[in-house]
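Report on the structure
Next come the chains, spelled out residue by residue.
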Amino acid sequence: MTCLAQPTRPYAGQQPGTSGLRKKVGVFQQPGYLENFVQALFDELHGPGQTAQGQTLVLGGDGRYHNRVAVQTILRMAAARGYARVLVGQGGILSTPAASAVIRRHGASGGIILSASHNPGGPDGDFGIKYNAANGGPAPEKLTSAVYQRTQTLTAYTISDAPEVPLDRLGIHTLEDTKVEVIDPVADYAEVMRGLFDFEAIRGLFARGFRLRYDAMYAVGAPYARALLEGELGAPVGTVVNGEPLEDFGGLHPDPNPVNAADLVAHLMADDAPDMGAASDGDADRNMVLGRGFVVSPSDSLAVLAAHLHRLPGYRQGLAGVARSMPTSTAVDRVAKAMGMPCFETPTGWKFFGNLLDAGRVTLCGEESYGTGSDHVREKDGLWAVLCWLNLVAVTGQSVEALVRELWREHGRCVYSRHDYEGIPTSQADQLMAHLRQSLPTLAGQTVAGQRIAWADDFAYTDPVDGSRSERQGVRVVLEDSSRVVFRLSGTGTEGATLRVYLERHEPDASRHDLPVQQALAPLVQLAEAVASIRQHTGMDQPSVMT
Ligand code: VG1
Ligand code: CO
C-alpha cells in the first residue's frame, strides 16, 4: 500500500448549500470530483499537508446509488490523511441522525455523511456529501465556505492505493496506518433512543392493538424502524412498509409530504385506517406524522412536542428553550410563551441550531419541512419524532388528532402551507427575488390585495452564541394581524431553482379550525402574487407542490 498525490484541477460550483454539496450522480462520477471536495475538506480541517493523527472519522450514507463507490474512495483518502480510526456503517450505511449519534458516542472529530436526503436517487438522480463536526452537527457556514474556496485552487489530492474494504461484514481492517471499523449502523442510535423514551409504555400500546403504518420510502430509515418498532417495541411485522432500502428508492421521491407519500395518506384516510401513520425521508432525518383521518402539519407537530415533551423520560427536567427556522409557523412560539420558555428564530437549515443546542439554550428544534429534533443528537431525526408521538399517545391516552386539536384550542390554529415552484430557470428566480428585495422599503403601510402590510424585511440572523451573521435568508411580508408570507429560494436542489412561498395565518376562532387550509389561505396567496408577480417571473400558474 502506498499513498499517492494525484494531480487534479478545480471543478466549478462545489459550494455546499442548505445541507451539504448536492449534485447529479453524473457530476459526482467525474474523475476527481468527490476527491477534490474531500481533499479541500481535509485541508481545511487539518491544514494543508497536515495529518489527522489520532483522530476518528465517522463515515456512512443513505445507501443511494454511488454510495459504495464514494465510501471506498473516502476510506482511501482518510487513510492517506493519517486518521487513526474510521468508523464506517455496515454496507456503507448510516442514517443522518445515526451518524450524528455515532460521532458523539465515539468521540470522533467529525463525520462525512453521503446523502442528498429527500432528493431522488438512482443513476439519474442526486448524490450529496456533507461534513459534521465533533458535536455531531452540520459544519457551520464558516467551514463550508472555506472548503469551497479551497476547491477552487486545488492542484492535487492524496489517496492510498489500498484494496477495497469489505463493507458487508462487521470487522476491523487496516488501511495504511488507519484502523477501519465496520460497525452496526443501528446499535448506537438504538441505545440513544432507549435512554429517551419509555419503551415499556410504547410496547404496551402496541400490545393493546395500536396500529402504526410507517412508510420508510425504500430509504435508509427502514433498518432503524424495523429494528426498533418491529424488533424491540413489539409492533407487528408489516408495520414498516416500503421497508427495503433501495439505491433508487424504488424510483420514488423519498420526501415525506402529502404529495410524495400520497399512498400513506390514503391509508390513513381509509375506513379501516391505522391509529397513526408516519414516514421518513431518504436519509431518515425528516418525519411526517398522521393520525387516523388526520394530517399533522410539521409546524403543529413541533408545537405539540414543545407542550408535552417533559412527560417523556429523557426530558423530565423540562425544556431549556425551543428554536424554529424562520419560515416555520409561530405555533411553537405561542406554546413557548405560555410555558415561559425562550424561543429562537433561525435561518433555514439544521446547521443554525447547533450552537444553541451546544450552549444548552434550547432542547427542541424544528423546521416546517418535516424536520424535528432535540439535543440528543445534532441533526433532525425522523424516527425520534415518531417515537415521541408514540410515547405521548401512550402516556396521555390521547389520539394524535386529539393532541393537535388541544393545541389549536389553547393557542388558536396557525393555518399554514408551503407552495413550491420547482424547476424555474435560475436567472428568472433570481430576478423575482431581486425585484421583491427592491420593493421592500416601500411595502410597509401599503394595502395589497385588500390587506394592509405592517412590515416587510429580508431576514438576517446573528447567532446569539458566536455572533456570526447570516444575511438574505428570506423575504418576510407581515400583515397587521401577524399573518405572513415568506419567500426564499431552495438551497438543496440540483436543477434550476425552486421558489418556496410560505403562508401562515393565525385563526383563534375554533369554529373555523376545520376550514380547508388552501381556502383559508387564499387571500395570502393573492397577496403573494401581488407583491412578487410569481406568474410573470416563473411562467407558472400554480405551484408544483403544496404542503
Ligand atoms: C430544505 C428545507 C430545509 C431543510 C433542508 C435539508 O432546504 O427547506 O428546512 O433543512 O431542506 O433537509 P431548502 O434550502 O431546499 O429549502 V434534508 O432532509 O434535504 O437534509
Ligand atoms: Co433528509
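See above for the structure.
Summarised in this report is the structure supplied together with it.

Rules used throughout
Residues numbered from 1 in each chain as written. Chains lettered and ligands numbered in written order. Predicted model: local features only at pLDDT ≥ 70, side-chain atom pairs only at ≥ 80, totals over all residues. Heavy atoms only, no water. Phe/Tyr/Trp six-rings, centres within 6.5 Å; stacked < 30°, edge-to-face > 60°. Helix = DSSP H or I, 4+ residues; strand = E, 2+ residues; numbered from the N terminus. Buried < 20%, exposed > 50% of the residue type's maximum accessible area, 1.4 Å probe, protein only. Lys NZ or Arg CZ within 6 Å of the ring centre and 35° of its normal. Pairing = 2+ DSSP bridges. Contact = heavy atoms within 4.5 Å. Axes fitted to C-alpha atoms, helices over the stretch in contact; angles between N-to-C directions. Donors = N, O, S within 2.8 Å, 3.2 Å for Na, K, Ca; no water. Near = heavy atom within 4 Å. Polar contact = N/O pair within 3.5 Å; in protein donor to acceptor, adjacent residues only side chain to side chain. Nonpolar A, V, L, I, M, F, W, Y, C, P; charged D, E, K, R; others polar.

**Notes on the packing of aromatic side chains**
The full count for this structure, using the stated rule, is 10 aromatic pairs. Judged by centre distance (5.1 Å) and plane angle (75°), the rings of F28 and F127 are edge-to-face. Taken together, the residues span a long stretch of sequence, with F28 in helix α1 (residues 25–28) and F127 in strand β6 (residues 126–133) at a distance of 99 residues. For the pair formed by F28 and F127, the shared burial category is buried. Each member of the aromatic cluster is reached from another via a ring pair, and the members are Y11, F28, Y33 and F127. Against the face of Y11 rests R9, its NZ or CZ located 5.1 Å from the ring centre.

**Focus: the sheet that holds strand β24 (residues 475–479)**
Strands belonging to one sheet form pairs held by backbone hydrogen bonds; the direction of such a pair is parallel or antiparallel. Overall, antiparallel pairing links the 7 strands, which are arranged β20-β21-β24-β25-β26-β19-β27 in an open sheet. Only two strands of the sheet have a single neighbouring strand rather than two, namely β20 (447–448) and β27 (545–546). On the sheet, helix α17 (residues 522–532) packs against β19 (413–424), β20, β21 (451–458), β24, β25 (484–489) and β26 (497–507) and is oriented at approximately 50° with respect to β25.

**Some details on the coordination of the cobalt ion (ligand 2)**
Binding of the cobalt ion (ligand 2) to the protein goes through S117 (OG), D281 (OD), D283 (OD) and D285 (OD), at separations of 1.9 to 2.1 Å. Spacing between the donor residues of the cobalt ion (ligand 2) along their common chain follows S-x163-D-x1-D-x1-D.

**Describing the site of ligand 1**
Neighbouring ligand 1 are 20 residues, the closest being T18, S117, H118, S369 and T492. Residue D281 places a side-chain N or O atom 3.0 Å away from an oxygen atom belonging to ligand 1. Contact distances for ligand 1 include 3.0 Å between an oxygen atom and a side-chain N or O atom of D285. Split by residue class, the shell around ligand 1 holds no nonpolar, 10 polar and 10 charged.

**Some details on the sheet that holds strand β9 (residues 178–183)**
With mixed pairing, the 7 strands of this open sheet are ordered in space as β2-β6-β5-β3-β4-β9-β8. Looking at which strands have only one partner, the edges of the open sheet turn out to be β2 (21–24) and β8 (171–175). Neighbour-to-neighbour, the strand axes of the sheet open up by a mean angle of 20°, direction not taken into account. The sheet contacts of helix α3 (residues 67–81) involve β3 (56–61), β4 (85–93), β5 (110–114), β6, β8 and β9, and relative to β4 the element is tilted by about 170°.

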